[in-house]
Amino acid sequence: MNAAVATSVFGVFMVVTVALGLLAVRGRGSGGRGGLAEWSVGGRSLGTAFIWVLMAGEGYTSFSYLGAAGWGYNYGAPVLYVVAYMSCGYAVGYVVGPMLWAYARRHGLVGITDMVAHRFGRPWLGALVAVLATVFLLPYIQLQITGMGVVVSTISYGAISLNRAYFIAFAVTTGFVVVSGLRGSAWVSVLKDVLVIATLGFLAFYIPLHYFDGYGPFLDRLVTERSEWLTFPGHGDSGLGQAWFITTSFLNSLTVVIFPTTVAGYLGAKNADVLRRNAMWLPAYNVLLFVPMLLGMAALFVVPGLVGAESNLALFKLVVDSLPAWAVGVIGVAAALSSIVPMAVFMLVIGTMWGRSVLSLVPRWQHRQKGAAQTVVVAAGVIALVLTYTAPNTLVRLSLISYEGMAQLLPMVLLGLMWRRLTLLGALAGLVVGVGTVCGFVFTENDPVWGVNAGIVALAANLVVALAVTYAGPREHDERPDSEVLARDETGEPALAASPTTGSETVTVAGAGPAGADADRRHQRQPDRLQRRGVGPA
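Residues numbered from 1 in each chain as written. Predicted model: local features only at pLDDT ≥ 70, side-chain atom pairs only at ≥ 80, totals over all residues. Heavy atoms only, no water.

Q: So what exactly am I meant to see when it comes to the packing of aromatic side chains here?
A: Given two aromatic rings, their pairing is described by the distance between the two centres and the angle made by the two planes. Using the criterion set out here, one finds 18 aromatic pairs in the structure. For the pair Y85 and Y403, a centre-to-centre distance of 5.7 Å together with 65° between the ring planes defines the contact as edge-to-face. Within this pair, whereas Y85 is found in helix α6 (residues 81–107), its partner Y403 is found in helix α19 (residues 402–406), the two being separated by 318 residues in sequence. Judged by relative accessible area, Y85 falls into the buried class, the value being 10%. Accessibility expressed as a relative area gives 13% for Y403, which makes it buried. Ring geometry for F212 against F301: centres 6.0 Å apart, planes inclined by 85°, an arrangement best described as edge-to-face. Separated by 89 residues along the polypeptide, F212 in helix α9 (residues 162–212) and F301 in helix α14 (residues 290–302) bring together distant segments of the chain. The pair formed by F212 and F301 is uniform in burial state, with each residue classed as buried. Above the face of the F120 ring, R119 is positioned so that its terminal group lies 4.5 Å from the ring centre. (Phe/Tyr/Trp six-rings, centres within 6.5 Å; stacked < 30°, edge-to-face > 60°. Helix = DSSP H or I, 4+ residues; strand = E, 2+ residues; numbered from the N terminus. Buried < 20%, exposed > 50% of the residue type's maximum accessible area, 1.4 Å probe, protein only. Lys NZ or Arg CZ within 6 Å of the ring centre and 35° of its normal.)

Q: Got a minute to help me understand the environment of S322 in this structure?
A: Along the chain, S322 turns up in helix α15 (residues 314–322). The exposure class of S322 is buried, given its relative accessible area of 13%. In this structure, the C-alpha to C-alpha distance between S322 and I207, residues 115 residues apart in sequence, is 8.3 Å. Sequence-distant contacts of S322, that is, excluding residues within four places in its chain, are made with Y206, I207, H210 and Y211. Here the side chain of S322 touches L318 through a polar contact of 2.7 Å, landing on its backbone oxygen. (Contact = heavy atoms within 4.5 Å. Polar contact = N/O pair within 3.5 Å; in protein donor to acceptor, adjacent residues only side chain to side chain.)

Q: Can you help me understand the packing of α6 against helix α7 (residues 112–120) in this one?
A: Any two packed helices are characterised by how steeply their axes cross, that is the angle between the axes, and by the distance between the axes. As a packed pair, α6 and α7 sit with axes 11 Å apart at the nearest point and diverge in direction by 70°. One finds that α6 runs roughly perpendicular with respect to α7. Contacts between α6 and α7 pair L100, Y103, A104 and H107 from the former with M115, H118 and R119 from the latter. Grouping the amino acids of the contact of α6 with α7 by side-chain chemistry returns four nonpolar, two polar and one charged. (Axes fitted to C-alpha atoms, helices over the stretch in contact; angles between N-to-C directions. Parallel < 35°, antiparallel > 145°, perpendicular 65-115°, else oblique. Nonpolar A, V, L, I, M, F, W, Y, C, P; charged D, E, K, R; others polar.)

Q: Explain helix α5 (residues 67–74) to me, please; I cannot follow it from the model alone.
A: The periodicity of an α-helix, 3.6 residues per turn, causes residues three or four positions apart to be oriented the same way. Summarising burial for α5: six of the eight residues are buried, a large majority. Taken residue by residue, α5 has G67, A68, A69, G70, G72 and Y73 as its buried positions. G76 occupies a position one or two residues after α5 and carries a positive phi of about 95°.

Q: Quick question: what am I supposed to make of a nonpolar patch on the surface here?
A: A cluster of nonpolar side chains, Y94, V95, M280 and W281, forms an exposed patch at the surface whose accessible area comes to about 450 Å². Elements represented by at least two residues in the nonpolar patch include exactly α6 and α13 (272–285). (Patch = residues over 30% accessible without salt bridge, like charges linked within 9 Å, V, L, I, M, F, W, Y side chains within 5 Å. Areas by Shrake-Rupley, 256 points an atom, 1.4 Å probe, with all protein chains shown as cover. Salt bridge = Lys/Arg side-chain N within 4 Å of Asp/Glu carboxyl O.)

The following block contains the structure:
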């Protein structure tokens, strides 16, 4: 009976989720009539409320219900790095978000692969970045499938097996994102946020009262019996000390602003002020992250002895043990939507990158970019699902380098868009060294290294090599004006304008898609007028 009630509640909300996705795109080119920009970045028309819930949805995933509680259960204080880096990342995004939004809108771009291709004048570079970013994003899809599967199986009291639950997670999300795109994800984020705020707000008060007679007795017991969980490096020989916390928070706060899913949220905004207001309000959402972290530590006293992957169920074991079936179903829906929304955006971004930057290089796909992107969405979901069944440890292991690997794109994306002197050869050399270094540290189990995040060591090597090759190598000659190559800050001026350089190496300028190509042709036709205005090369 409990299983029937909980799964019925879950099923009803899944139907509502799909209906919201269909309603979101009604009259906006659903059924294949809309363009890639409408599907992938919501037609660049989302306002403050939708951007807020969408980007909050990306940050509050099934990890927040499962992983955050599991880390709180296993280690304690080190899990607070999530709150630290996300809050700092929003501050960085206050500056970077409007800059990327303006650059993409000015040149008709829909993602970071477009941006690097346009910046360096090499369409193949966008394809390379798309492949690399896919490697680092695919584990997140697998982890969300796993997380939602665990939630579905748990709230059904075991009536739905994990394998069936994984397929349900894949089927619902894939169908949803193919039909509704980014706009549908934003609409469903509203439902998700209402449920997340309501359920976590309830659990924050209910669990301590139910099991400990209030926060006073709970915290007193935590300080007395589990004080190790409240200091660095937390419980056990984790190596997650203060240096790791600082370096991880710093690295992730920079990386999150160029994460393809974050950039998709930026580009969906209708103007730059939406992003600035969003950056000021998003940290308030992070308060919710304290709830699963704290309740994970509360589970130490209620369900002791959880080891390995079981620790991720710390919060849900409390929920299933103490609440009626209908309430378990509602909380399960909130957790499931916390998987669906970010997983939909991850799949959407992978599809967009491939449709725009990889398959568009094939002549027959150039005018069918949206169809190509939707095909890739299904393919990415199938790959993640198959590996979830056949080789779960493969993608879980890759997930260890996802953020640290994505950080190695920082010089190519941010430094390249602000500093004209950075050469293509320098950016590529730094990227190869950075990715190679972080993979070496992670796969030899040397992360943290010397007590710090291995990704920041790799990023330092990346920057050193990129700068060394840029200054030592041949200078590139690009006749495009700064306004065409560099991103602008909120004042409308180039964020860091460097004079065009001349040298023996010539760059063949090419746009990152139809809009980029049109922009290049416009500038080729008007070099004299641009120079007279003082914005072209001298």
